[in-house]
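So the chains spell out like this:
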Amino acid sequence: MSGGSVPPNGEETRPVPAPGTLMVDTRRDRTGEFRGLAGPYWSLRPVSGGAEWEADPEHVRALTPGERLRAENARQNARSRGDAHAAVFTAALAPVPTHDGRTALGRRHGFVDWTIAPNRTGEPPTLHTFRCTAETGGGKRCGAESPTSDLFETARGWTFTHVRDHPEHTCYVEVTQRPWTLRAERAS
Ligand SMILES: [Zn+2]
């Protein structure tokens, strides 16, 4: 930590954008939304979610109208996929007990960035269930459910079978189980 964090140039300070402002990091040719200051750098996050990165404010520019439209669309799509709900949480690592039962507070004690994001490896798969919410009297609901399936069409198709037996059961909810993964990275 000696020396090091002097701003790249002291002549000009750029106004700090509002959080969420879309910007292009011209060094990396990446679009991200402004999240906040990280020392002399600006912390940007990919529009489609994911890990933040630090950009030099000298090499960050505003978007052209065309770029803005594409980025807004990407952000909207990411929100509907759940990616935009990915989050980073920095927390103190719990002290790690050593083999002799004492508690290590030296190098093993630090901060960790927890990142939670949708798990898109396909394993486990996203699962879909349809549940009948038709009222059956006395404040009760039917509650019958489709098979839970990784094929959306299978779950949805069950509603046609169910309504054949119960023509008045026309209200359903789709229940989606989307896997998420937490990942730890040592904070710098
Ligand atoms: Zn029903």
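What you see is a predicted model, and the numbers here were worked out from it, not measured in a lab. (Residues numbered from 1 in each chain as written. Predicted model: local features only at pLDDT ≥ 70, side-chain atom pairs only at ≥ 80, totals over all residues.)

Draft legend 1. Quick look at the overall build of the protein. Of regular secondary structure, the protein possesses 2 helices and 14 strands. Within the protein, buried positions represent 10% of all 188 residues. Considering only contacts within the protein whose residues lie at least 6 apart along the sequence, 53% involve residues at least 24 apart. (Helix = DSSP H or I, 4+ residues; strand = E, 2+ residues; numbered from the N terminus. Buried ≥ 20, exposed ≤ 12 C-beta atoms within 10 Å, placed from the backbone. Contact = placed C-beta atoms within 7 Å.)

Draft legend 2. Quick peek at the pairing of strand β3 (residues 41-46). In the sheet, strand β2 (residues 30-38) pairs with β3 via 6 bridges, with the strands oriented antiparallel. The residue of β3 that forms the bridge with Gly 32 is Pro 46. Linkage of β2 to β3, two consecutive antiparallel strands, is achieved through a turn of 2 residues, within which Gly 39 is found at a positive phi near 65°. Hairpin connection from β3 to strand β4 (residues 53-55): 6 residues lie between these consecutive antiparallel strands, with Gly 49 at a positive phi of about 90°. (Pairing = 2+ DSSP bridges.)

Draft legend 3. Highlighting the sheet that holds strand β1 (residues 22-25). Strand order in the open sheet formed by 5 strands is β4-β3-β2-β1-β5, and the pairing between neighbours is antiparallel. Both edges of this open sheet fall to β4 and β5 (60-62), since each of them pairs with a single strand only. The mean inter-strand angle of the sheet, taken between neighbouring strand axes irrespective of direction, is 55°. Here β3 pairs with β4 via 3 bridges, running antiparallel. When the sheet's bridge partners are listed, Trp 42 is paired in β4 with Ala 55. (Axes fitted to C-alpha atoms, helices over the stretch in contact; angles between N-to-C directions.)

Draft legend 4. Molecular detail of unusual backbone geometry. For the bond from Glu 123 to Pro 124, the omega torsion is 0°, close enough to zero to count as cis. Along the chain, Pro 124 turns up in the loop between β9 (111-118) and β10 (127-132). In the Ramachandran plot, Asp 29 falls in the positive-phi region, its phi being about 55° despite a non-glycine side chain. Here Asp 29 shows up in the loop between β1 and β2.

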